[in-house]
Amino acid sequence: RRRLRSASSCGNRAVAAMAPSRTVAAFPSAALLLLPLLLAVARAGLSGYFGTKSRYEEVNPHLVRDPLSLGPTADASRLPAACTPLQLRALLRHGTRYPTAGQIRRLGELHARLLRRPTAAAAADCPAAAALAAWQMWYEESLDGRLAPQGRRDMEHLARRLAARFPALFAARRRLVLASSSKHRCLQSGAAFRRGLGPSLSLGSDEVEVEVNDSLMRFFDHCAKFVALVEENDAAMCQVNAFKEGSEMRKVLEKVASALCLPVEELNADLVQVAFLTCSYELAIKNVTSPWCSLFTEEDAKVLEYLNDLKQYWKRGYGYDINSRSSCILFQDIFQHLDKAVEESK
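Right, let's walk through the structure included here. What you see is a predicted model; the values in this text were computed from it and never measured.

We now examine the nonpolar core. Counting 63 residues, the largest nonpolar core has Trp 292 and Phe 296 as its most contacted members. The element contributing the most residues to this core is helix H12 (residues 269-286), with 11 residues. Non-local contacts of Phe 296, meaning those with residues more than four positions away in its chain, are made with Leu 46, Val 256, Val 272, Ala 275, Phe 276 and Leu 304. Leu 158, Leu 162, Ala 163 and Phe 193 belong to the second-largest nonpolar core, a separate cluster that totals 17 residues.

Dropping the structure here:
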């Protein structure tokens, strides 16, 4: 695993109840990943560094040719004839989404700065700035993380592949329960997943509703200790803030500022990160190589990936013990249902 330094001087500010843990499972990792692969971006070496904005096809290239393919080892992965599947419980991330309102605001701020530059100077001295000034800012805050059309296809195809892998469980009139958080993109993902299962289960359009259950699907919002000690505690992200101000990020800021012919003081880690994320969003949502991608090399991508990983580690991962403890209610629900299926089996 690639390693970059993160400051340790702020560690003594952490609350004792948030001591790091390596033995308890953290938040479930994303099951749906989000980025189409274009050759131009692959050549630039960026496509492997987009985290949860990557797509299944990054590690399953057979899905590029056929989104319903079960892969080259499909036959080998089928259950032995002596085994009978009893129940399937799938915990899924939402499909490809638009940027959040906050990301869109930051992108609009950066784009506006480029538009204020003299056109002639930008074209002559800063071709990257000229290309980005000509780029149309089509994102609107009303999109605010909503599911994109590609996200609907993600979920429908995933449902159809699951049904093909477990035909006995997805036979017509088998019992199906779908639960989602109240987030719009998650509700739409659940509806798309249901549509993908429709032909297998002979579902009518309104036959299976998606239950809203935030206590399970957004368990972290319902854990008062997590909210107080991590979510709303600025000190909890001190390592992230230290890295934003560190030497690795400073080098990236200076390179991007030079490419855009902007004073480095006009940029910060958040603005550079949103430019990098826009490269991934443009690929995922519009299937184009965005001019924002031209600002970054693979080395830059490693630093920005690490910044995102660092945030997820402290806020959602193993950084604090309460992060994983807050997920216990969800995993307890999963195991209880699986145990019940086994107990009731004849």
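Next comes the rest of the account.
Phi is positive for Asp 144, close to 25°, though the residue is something other than glycine. Its place among the elements puts Asp 144 in the loop between helix H5 (127-134) and helix H6 (149-165). In this structure, Asn 287 is a non-glycine residue whose phi angle is positive, near 60°. Considering the arrangement of structural elements, one finds Asn 287 in the loop between H12 and helix H13 (298-315).

One pass over the full model with this rule turns up 11 aromatic pairs. When the ring of Tyr 98 is compared with that of Trp 138, the centres are 6.2 Å apart and the planes differ by 75°; the resulting orientation is edge-to-face. A residue pair is termed long-range when its members are at least 10 positions apart, and Tyr 98 in the loop between helix H2 (62-65) and helix H3 (101-115) and Trp 138 in the loop between H5 and H6 qualify at 40 residues. Tyr 98 sits in the buried class, given a relative accessible area of 14%. Where Trp 135 meets Tyr 139, the ring centres are 6.3 Å apart and the plane angle is 40°; that geometry is what we call tilted. The pair formed by Trp 135 and Tyr 139 is uniform in burial state, with each residue classed as buried.

Rules used throughout
Residues numbered from 1 in each chain as written. Predicted model: local features only at pLDDT ≥ 70, side-chain atom pairs only at ≥ 80, totals over all residues. Heavy atoms only, no water. Core = buried A, V, L, I, M, F, W, Y, C linked by side-chain atoms within 4.5 Å. Buried < 20%, exposed > 50% of the residue type's maximum accessible area, 1.4 Å probe, protein only. Helix = DSSP H or I, 4+ residues; strand = E, 2+ residues; numbered from the N terminus. Contact = heavy atoms within 4.5 Å. Phe/Tyr/Trp six-rings, centres within 6.5 Å; stacked < 30°, edge-to-face > 60°.

None of the figures reported here should be taken as evidence of function without further support.
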